[in-house]
Amino acid sequence: MEMHVCLPCKRVLHMGLFGKVFNRWLGRGIDFFGFSMNGCHYDIPLDGVFGQNAAYDRCSTLKTVVNRNARAMANGVWWITDKAGNDVTEKYSDIAVRLTAPNPIQTFSEFIMQMDVYRQLRGEVFVYFAAPVGSSASAAYSWWVIDPRYVEIETTGLLYGGEHIEDIIIRYWLNAGGQRTELDRSRLLHIKDVNQNLDFCPSDIGGVTRLYSVQNSVNNLIVAEEALLSMNKDRGALGILSNDTDDAAGHVPMSPEEQNRLQEKFKARYGLQQGQWKVIITDAKLKWQSMTMSVKELQLLEGMTENIQLICNAFDYPYELLANTNNVTYSNKQEAKKSWYEDTIIPMSRIYAEGFTRMLLGLGGDKFVMDFSGLSCLKTAEADRAKTYYQKAVAVRELYTLGVISREEARMELDYNEAIEGKATMYSTQGMDRGNTQEA
């Protein structure tokens, strides 16, 4: 049986089917993905790897939100630019190849989506740049996303006084496949989520999942979906059929065999589905005690909506973009999508770009840029900015024509460099009569 160290919960994880059973026995009894073997549901704990995986697998809303955020991140086009914003990607031939095929088994879009899914669920993600011995990360022949549960960080304890990474981190360990392998710290990129680790200290420099904040919402949705399935499939807990037979001695109890036979007969033959019997025909004397409650009284759908909104808020995903929202117009969705990219996707993409820049390009001035301007929802915003800029340029030109501001001042207002090489301060000769260097 393979064993790995689960860093978030500091336990040894046993891999495989029977390993999962054993892992749960270590904690709260033998169970599978939120259910004990007697069928009772328990809350899935989301502060550990097993719970995070189970939540992602079982909660459809969580999976939808996380996957859509990851797909949106993959829509960005990666460039390497210089200080002036010129494309210099071809200057880095090894990196340019990896931006198409990061490793032998993934496309770049798959690579980005995997990286972003781990970042959202785990609160952090690691990217390893496999390069020949003695080479830098920029010469890597493959890039790999590593699940944080397989990475162990050994620190020096000198976090706040460290100038270089070796002053803070002794080494990284990869615990996977039954092996413990040291990873070159100069080729391992550690990216943390926007959710902050409030215990950040010399011995704990990792990220923290945002899933824990919506643990109740995730569990509520799983239970609610299962309740709806039960109502559709088994009609829920409808009531009790009990023996109403008496003899001279009083009430005659029903034997366990008779109870099981009646239960199986009821489940197999009677119900609302096509081909099932709608009327019970039996020679047994039975009494019926209703236990039904309407879906409206349970308010399952209302509760699900509220929990879905909480998950959307936690993962910065617009609730309006989900398929099950009502009374949301097309314009509302377009505005929500534009805000989603501007407030969530693009800011997070800068964190990725800054991390890759630090690891692969250094501080020489060239940098990675993720470009989303080709998206239709952002082209509208670009058109609005162009219109605003044009109106501002017209106003600035009028001030310059009247001699109220100088050419340099006009350039500054339009976000150009103030200095004009070889030119003195100038005001328009069409406006007030002013010398070339006079103040307005």
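Analysis parameters
- Residues numbered from 1 in each chain as written.
- Predicted model: local features only at pLDDT ≥ 70, side-chain atom pairs only at ≥ 80, totals over all residues.
- Heavy atoms only, no water.
- Helix = DSSP H or I, 4+ residues; strand = E, 2+ residues; numbered from the N terminus.
- Buried < 20%, exposed > 50% of the residue type's maximum accessible area, 1.4 Å probe, protein only.
- Areas by Shrake-Rupley, 256 points an atom, 1.4 Å probe, with all protein chains shown as cover.
- 1 Å grid on protein atoms, 1.4 Å probe; cavity = no way out; pocket = protein on both sides within 12 Å on 5 of 7 lines; lining within 4 Å.
- Points joined across faces, edges and corners; volume = space filled by probe spheres on them.
- Contact = heavy atoms within 4.5 Å.
- Polar contact = N/O pair within 3.5 Å; in protein donor to acceptor, adjacent residues only side chain to side chain.

If you tally the helices and strands in the chain, you get 13 helices and 16 strands. Considering the chain as a whole, with its 440 residues, one finds that 36% of them fall into the buried category. Roughly 26,000 Å² of accessible area belongs to the chain as shown, and the carbon and sulfur atoms make up 53% of that amount.

We now examine the layout of surface pockets. Of the volumes computed, that of the second largest pocket is approximately 660 Å³. Lining the second largest pocket are 21 residues; nearest its centre among them are Ile165, Leu189, His190, Arg358 and Met359. Contributing elements (two or more residues each) for the lining of the second largest pocket: α6 (165-168), β9 (169-176), β11 (188-192) and α11 (330-361).

This paragraph deals with the environment of Ile170. Inspection of the secondary structure assignment puts Ile170 in strand β9. A residue is classified by how much of its surface remains accessible, and Ile170, at 30% relative accessible area, is partly exposed. In this structure the C-alpha to C-alpha distance between Ile170 and Ile153, which are 17 residues apart in sequence, comes to 8.0 Å. Those residues in contact with Ile170 that sit more than four places away from it in its chain are Glu154, Thr155, Thr156 and Arg185.

The next point concerns the side chain of Arg149. With respect to the helices, strands and loops of the structure, Arg149 is situated in the loop between β7 (142-146) and β8 (151-155). Polar side-chain contacts of Arg149 include one of 3.0 Å to the side chain of Tyr150.

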